[in-house]
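One-letter residues, chain by chain:
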Amino acid sequence: MSSDILSFIIFLPAIVAFGLMLTTRDVNTIRNIAFLTTTVILALVLKIYIEFIPGEGMQFVTNVPWIETYGINYYVGLDGFSLTILMMIAILIPTSYLLLWEGRTKGYWINMLLVQTGVTGTLLSLDVVLFYFFWEVMLLPVFLMIGSYGFGEKVYTTIKVTVYTMVGSLLMFIAILYLGVAYHAEFGTWSFAYNELMKITTIDYNTKVWLFLGFLAAFAIKIPIFPLHTWIMETYKNAPTGAVFLLSSIMAKLGVYAIVRFMIPIFPEIYIEFSVYFVAIGLFGLVYFGIAALMQDDIKRMFAYSSASHLSFIAAGIFSLNEYGINGALYLIIAHAIATGALFLLIGLIHEETGFKTIKDLGGIAKQAPVLTFIFAIMLFANVGLPGTNGFVSELLIIFGIYEFNHTLGYISATTVVIGASYMLWMFQRAILQDRPEGSPVLKMRDLKIKEMIGLAPWVILVFLMGLYPEIFINKFEPTVTHYLNDILHIGASK
Amino acid sequence: MSEFIYLIPALTVLTGALVLMFMSMYESFTVKNFIVVSCIFLFIAFGFSLSQIGEAYSVQPYNDLLNNVLIFDSFSNFFNILLIAGTILTLLIGEHYFQHREYFKGEFFSILLFALFGMMVLGYSNELVTAYIALEIASFAVYIMVGYNTEDSKRVEAIFKYLVLGSFIGAFYLLGVVLVYGASATTNLSELSVFINSASDDQMILVYIGLTLILFTFLFKIAAFPFQSWVLDVYRGAPMVVTAYMASTFKIAIFSFFLRAFLQDFGLTLDFWDTIISVIIVFTLVFGTWLAVTQKIVKRMLAASSIVHTGYLLLAFIALSYKDGQIVNIESAYATMFYLIAYLLSALGAFGLASHIISETNVRVTYDDFKGLAKERPFLAAMMTIFLFSLAGIPSTIGFIGKFYVFTEAINAGYAGLTVLAVFATIVSVYYYFKLIAVMYFYPTKQECISVEFNDKRVSTYAIAFVAILTVLGGVGSAIVFFIPALNIDQIIILAQTAVQSLFIK
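Attention in this report is confined to the structure presented alongside it. Everything numeric here is computed off the predicted structure, so don't read it as measured data.

1. Examining the overall build of chain B
Scanning chain B from N- to C-terminus turns up 21 helices and two strands. Relative to its length of 506 residues, chain B is compact, with a C-alpha radius of gyration of 22 Å against a globular reference of 23 Å. Along the longest, intermediate and shortest principal axes, the C-alpha atoms of chain B span 70 × 55 × 50 Å. The buried share among the 506 residues of chain B stands at 65%. Considering only contacts in chain B between residues 6 or more positions apart, those separated by 24 or more positions represent 81%.

What follows is the structure, given as structure tokens:
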């Protein structure tokens, strides 16, 4: 039974969602049931987290045939990487439920539940076709959410984001099919499991580069890596808070995760060879998006750029080919998800209450909502990477990693982090602390309610816990990173 | 008697058609009676076809009477099941449409069954002229159905265009048969196959020219480039239910004969058309996509997108053979057949649902008219979404699995470039399908499109819901939904394999 626990975690939200679709209860009941579902999942994930043994490879594996004719299996399992991210998702989603104000319709909560199924399924699948299946399924509820509950030119935004992500996904789809066919040609049987695809030896170098880029297209658009980022501005601006939270805090991270899960094992030599370009592109993105964020007036757009900037940094860490960089990137995935998630939710609240979106229209919030300001500040500092917070640990590790990878790039990365601090603190000063100009109407802003504080409390605790005792978290995934470097990339973890 | 059992499905349908014809002489029967009677006959035929499923057999009963022109095997049985199922679903989905249109009289259902009979015989055909006759029985029935309401000028235009072009292309077929006969002195497929295997290059010239002409008819009927020009107007002009029937069921019938011919008998000649069909696929995909993007009327968009699906099907078809005339890649025949099932379900669902909506309101025609459907009719909108997802090949629907097979086999056969193009066509298709979904979900309803008496509780709705469930189950299969005994994807493939293997029973 213990091996079926993952399937239970994946499908429980979807089953509940289908049940809720048929009921005619009021929104509050539905919201409570949805919240209860996610807490049940959190409990199960905690159980897994405790039972998980670091360094033992894939655990809790379920592998049953799905489409036997083509060797496609329902193959799920988790290792150190997936466990960490699973934990993150399981904590973030229920707490975010307490902070979503706009969910006044039934469909909103049903979509939230469906997203959770898609996201968890994507995270845990080890068969590429199954992965693709969930990867697409995860997108559809977000599509509905943006279109139904978004603002402004929401329909245009929806179509744009869908077509963008589909382009990436379908390019990956071709690469997946090609790998499957190559495997069939070499071994005479069909298989799409990632550990089987690793064994392919017959593909020539040029084709491999194309396949690598096909996979990368899907992930780079989702993350997004420069220059495939143009969809995020409108999306983050026009989408409802819940969808923005899911896209930035969770789905973008799955793009990074997928690089680690599939691209490194299947194309190790291409990964090593191209890494220098991707570290450079990542750092360029960090600077580019940082400067763009500095110039934004719309607060949601500023955070969109800020998020893209940090994600570029994560991507740079992933490609740094050593333990520091990869550990740091994984750590930043969590840290960034917590900090950005909280910030997006708080911005959503400010927007909901005041109706203002631009930085210069805001101001004076600190006096009216001290608790909100306090939590906002903590998340901001975590995001900027102040010592003592989780952001500091992860940024430091990535900078070490990049420095070891290439000294010049290391110096650059160390200096560029300042940009993040400047736009964040400047925004904080103008939008929250500073008083409103003379003569302008008084801003009505309520403070956080108890329920919302409870929702945010675990995040605040995590920010400091992860910042002060990183070992307890890193120990869970470090053996996996070592395994990747030693056994898959053959470059040695100690380097 | 044991031989007779193979003839029963086709004969049941023929009897049904005749009974309905006699019934239509009496005024006292209502449209509902006709639907019930046709369904009874169809279900009997369906039952007999189902009873033979799963075993590989190939027989030519009553040899002295039928003279080898018809062949009854698992392959034709497989297609019979699809065709009969398609017809039953068309009838059920269109139930409301038929009842609310004055011009639908009894003989319409008789003609529908004649069309089905023609298609079934086409599946049995083992001879070029028999195939032609069967094709014409089916085609003429469809011509009549297209132009059924002569008071509507769009219908008249549609039937005129279709009839003239269809008959014209039929003449090509006959000329092709004559040329083939001139070279080989036979029109029987089995004998032709023997001839092709032993003929010299000189003798083959005429056969190639003849078969190319026959291929033109095939391309015309499935609406491949450059023979696609009739599709938009005819699909638009025909009654909605007939459009659904043509787009799904009729296309399958055409494929049944040509798949048989090329798998069993003309396999050796297939790489002669390799380049031509490649070019045709490219143009079909590009042109169909372009047409679909530019449409404003939903029915025309669906019609145009069916051209794109023809492109995918041809891609699977061309992947059959790729070197030295040997059919190396027999798996792509399964892929074609699976895609036909997937397309039958999703196209029938999409067209049928559109007809269901139109039949009640009369006003939902363009994209704009579909605004806000999700708020008014959440379940209809949800089902439409499922069908559009399936047509676009989004995972969790049968359309995804269908595309997966077709593309895998195309890459396997070395057509990676064409596959990339097909994937790009898919990307664009996401745009025009999702536009309809966006329109249904994200806008308020237009005032003039609201109809109060819309009644969801009728046979049509249940039939569409049934198709929608099949569409999802076919995509998810039984491995992911552990606890529900679901439609197993492997089972369908095994059936397709049995069907194809029965072709090679000597």
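2. Some thoughts on the overall build of chain A
From N to C terminus, chain A includes 19 helices and two strands. Taken over C-alpha atoms, the radius of gyration comes to 22 Å for chain A, in line with the 23 Å a tight globule of 495 residues would show. If one aligns the C-alpha atoms of chain A with their principal axes, the spans along those axes are about 75 × 60 × 45 Å. Across the 495 residues of chain A, 65% fall into the buried class. Long-range pairs, those at least 24 residues apart, make up 80% of the contacts in chain A between residues at least 6 apart in sequence.

3. Thoughts on empty space enclosed by the protein
Vacant regions in the atomic arrangement are exposed by a probe of water-molecule size rolled over the atoms. Evaluated as defined, the whole model comprises 12 cavities of 30 Å³ or more. If you trace the largest cavity, you find 14 residues lining it, with Leu286, His310, Glu395, Val417 and Gly420 of chain A closest to the centre. Mapped by element, the contributors of at least two residues to the lining of the largest cavity are helix H11 (268-294), helix H12 (299-318), helix H15 (370-384) and helix H17 (407-433) of chain A. Sort the elements by how many residues they give to the lining of the largest cavity and H17 of chain A lands first, with six residues. For the lining of the largest cavity, the per-class residue count stands at seven nonpolar, six polar and one charged. Of the voids in this model, the second largest cavity is the one considered here, and its volume is about 60 Å³. Mapped by element, the contributors of at least two residues to the lining of the second largest cavity are helix H4 (74-93) and helix H21 (489-501) of chain B.

4. Observations concerning the side chain of Thr212 of chain B
Mapped onto the fold, Thr212 of chain B is located in helix H10 (residues 201-221). Apart from residues no more than four positions distant in its own chain, Thr212 of chain B is found in contact with Phe272 and Trp273 of chain B.

5. Overview of the environment of Ile214 of chain B
Residue and element names in this part refer to chain B. Position of Ile214 among the secondary structure elements: in helix H10. Once the C-alpha coordinates of Ile214 and Phe172 are considered, the two residues, 42 residues apart in sequence, prove to be 6.7 Å apart. Not counting residues up to four positions away in its chain, the partners in contact with Ile214 are Leu128, Tyr173, Gly176, Val177 and Phe258.

6. Here's the deal with the packing of helix H14 (residues 298-318) of chain B against helix H18 (residues 398-412) of chain B
Packed helix pairs are characterised by how far apart their axes lie and by the angle those axes make with each other. All names here are of chain B. Close contact between H14 and H18 brings their axes to 9 Å; oriented N to C, the two are set at 45°. As the angle between them shows, H14 and H18 are arranged oblique. As H14 runs across H18, the sense of the crossing is left-handed. Along its contact with H14, which presents His309, Tyr312, Leu315 and Ala316, the element H18 presents Lys403, Val406, Phe407 and Ala410. Classifying every residue of the contact of H14 with H18 by side-chain character gives six nonpolar, one polar and one charged.

7. A word on the layout of surface pockets
In this structure, the largest pocket occupies an estimated 2200 Å³ of space. For the largest pocket, the lining is made up of 48 residues, of which Phe18, Met21 and Leu114 of chain A together with Ala382 and Ile386 of chain B are closest to its centre. The set of elements that each furnish at least two residues to the lining of the largest pocket consists of helix H1 (5-22), helix H4 (106-124) and helix H5 (128-149) of chain A together with helix H16 (373-376), helix H17 (378-392), helix H19 (416-442) and helix H20 (459-480) of chain B. A per-element tally of the lining of the largest pocket places H5 of chain A first, with nine residues. Its boundaries defined by the atoms lining it, the second largest pocket holds a volume of some 600 Å³. What lines the second largest pocket is a set of 20 residues, and nearest its centre among them are Phe46, Ile81, Leu82, Ala85 and Leu470 of chain B. Counting only elements with at least two residues in the lining of the second largest pocket, the list comes to helix H2 (31-51), H4, helix H15 (331-361), H20 and H21 of chain B. If you tally residues by element for the lining of the second largest pocket, the top one is H4 of chain B, at seven residues.

8. Focus on the interface of chain B and chain A
In this complex, chain B contributes 39 residues to the contact, which on the side of chain A involves 42 residues. For the pair chain B and chain A, the summed buried area comes to about 3600 Å², and 85% of that belongs to carbon and sulfur atoms. The tally of links from chain B across to chain A stands at zero salt bridges. Elements with a contribution of two residues or more to the side of chain B that touches chain A: H17, H18, H19, H20 and H21 of chain B. Of all the elements, H19 of chain B adds the most residues to the side of chain B that touches chain A, at 13 residues. Split by residue class, the side of chain B that touches chain A holds 29 nonpolar, seven polar and three charged.

9. So, the pairing of strand E1 (residues 59-67) of chain A
All names here are of chain A. Direction of pairing for E1 relative to strand E2 (residues 72-78): antiparallel, over a ladder of six bridges. The residue bridging Pro65 from the neighbouring strand is Asn73, located in E2. What sits between E1 and E2 in their antiparallel hairpin is a turn of four residues, with Gly71 showing a positive phi close to 60°.

10. What about the packing of aromatic side chains?
All names here are of chain A. Applying the stated criterion across every chain, the model contains 80 aromatic pairs over all chains. Each ring, one from Phe284 and one from Tyr288, has its centre 5.9 Å from the other, and the planes form 25°; the classification is stacked. In this pair, Phe284 and Tyr288 are both assigned in helix H11, four residues apart and thus about one turn of the helix distant. Given a relative accessible area of 35%, Tyr288 falls into the partly exposed group. A cation sits over an aromatic face here: Lys222 above Trp135, 4.6 Å from the ring centre. Of note, Arg261 hangs over the ring of Tyr194, and the distance from its end group to the ring centre comes to 5.6 Å.

11. Here's the deal with the side chain of Ser332 of chain B
Residue and element names in this part refer to chain B. With respect to the helices and strands, the residue Ser332 is situated in helix H15. Residue Ser332 is classed as buried on the basis of its relative accessible area of 0%. Engagement of the side chain of Ser332 in a polar contact is seen with the backbone oxygen of Ala316, the distance being 3.4 Å. Those residues within four positions of Ser332 in sequence are excluded, and the remaining contacts are Ala316, Ala319, Leu320 and Glu409.

Cut-offs applied
- Residue numbers run consecutively from 1 along every chain, following the written order of its sequence.
- All chains are assigned letters beginning at A, and all ligands numbers beginning at 1, according to the order in which they are written.
- Under the rules for a predicted model, residues below a pLDDT of 70 receive no local features and side-chain atom pairs below 80 are neither given nor counted, while totals for whole chains, interfaces and linings still include all residues.
- Calculation of side-chain values draws on the structure's entire complement of heavy atoms; hydrogens and water are dropped beforehand.
- Helix and strand assignments come from DSSP, with helices taken as H or I runs of at least 4 residues and strands as E runs of at least 2, each series counted from the N terminus.
- Only the C-alpha atoms count toward the radius of gyration. The rule for a globule is 2.2 Å times the residue count to the power 0.38.
- Only protein chains enter the accessibility calculation, which uses a 1.4 Å probe. A residue is then buried if its area is under 20% of the maximum for its type, exposed if over 50%, and partly exposed in between.
- Throughout, a contact is declared for two residues whenever any of their heavy atoms are within 4.5 Å.
- A cavity here means a set of points on a 1 Å grid, drawn over the protein atoms and nothing else, where a 1.4 Å probe fits but cannot get out; a pocket is an open set with protein on both sides within 12 Å along at least five of seven lines, and a residue lines either one if it has an atom within 4 Å of a point.
- Grid points are joined across faces, edges and corners, and a volume is the space filled by probe spheres set on the points.
- Lys, Arg, Asp and Glu make up the charged group, whereas Ala, Val, Leu, Ile, Met, Phe, Trp, Tyr, Cys and Pro make up the nonpolar group; the residues left over, Gly among them, are polar.
- Here an angle of 0 to 180 degrees is reported between the N-to-C directions of two axes, which are lines fitted to C-alpha atoms, with helices fitted over the stretch in contact.
- Any angle that is under 35 degrees is reported as roughly parallel, and any over 145 degrees as roughly antiparallel; angles of 65 to 115 degrees are reported as roughly perpendicular and all others as oblique.
- By convention, the crossing between two helices is left-handed when the near helix turns anticlockwise from the far helix through less than a right angle, and right-handed when the turn is clockwise.
- Simply put, the buried area is the total loss of 1.4 Å probe accessible area from both parts when two parts are fitted together.
- Salt bridges are counted wherever a side-chain nitrogen of Lys or Arg sits within 4 Å of a carboxyl oxygen of Asp or Glu.
- Any two strands are treated as partners once DSSP identifies two or more bridges connecting them.
- Ring geometry is summarised as follows: Phe, Tyr and Trp rings, the Trp one being its six-membered ring, pair when their centres sit within 6.5 Å, and such pairs are stacked at plane angles under 30 degrees, edge-to-face over 60 and tilted between the two.
- Note on criteria: charge over ring means Lys NZ or Arg CZ within 6 Å of the ring centre, with the direction from the centre no more than 35 degrees off the ring normal.
- What qualifies as a polar contact is a pair of N or O atoms within 3.5 Å, subject to a donor-acceptor requirement within protein and to the restriction that residues adjacent in sequence count only when both atoms come from side chains.

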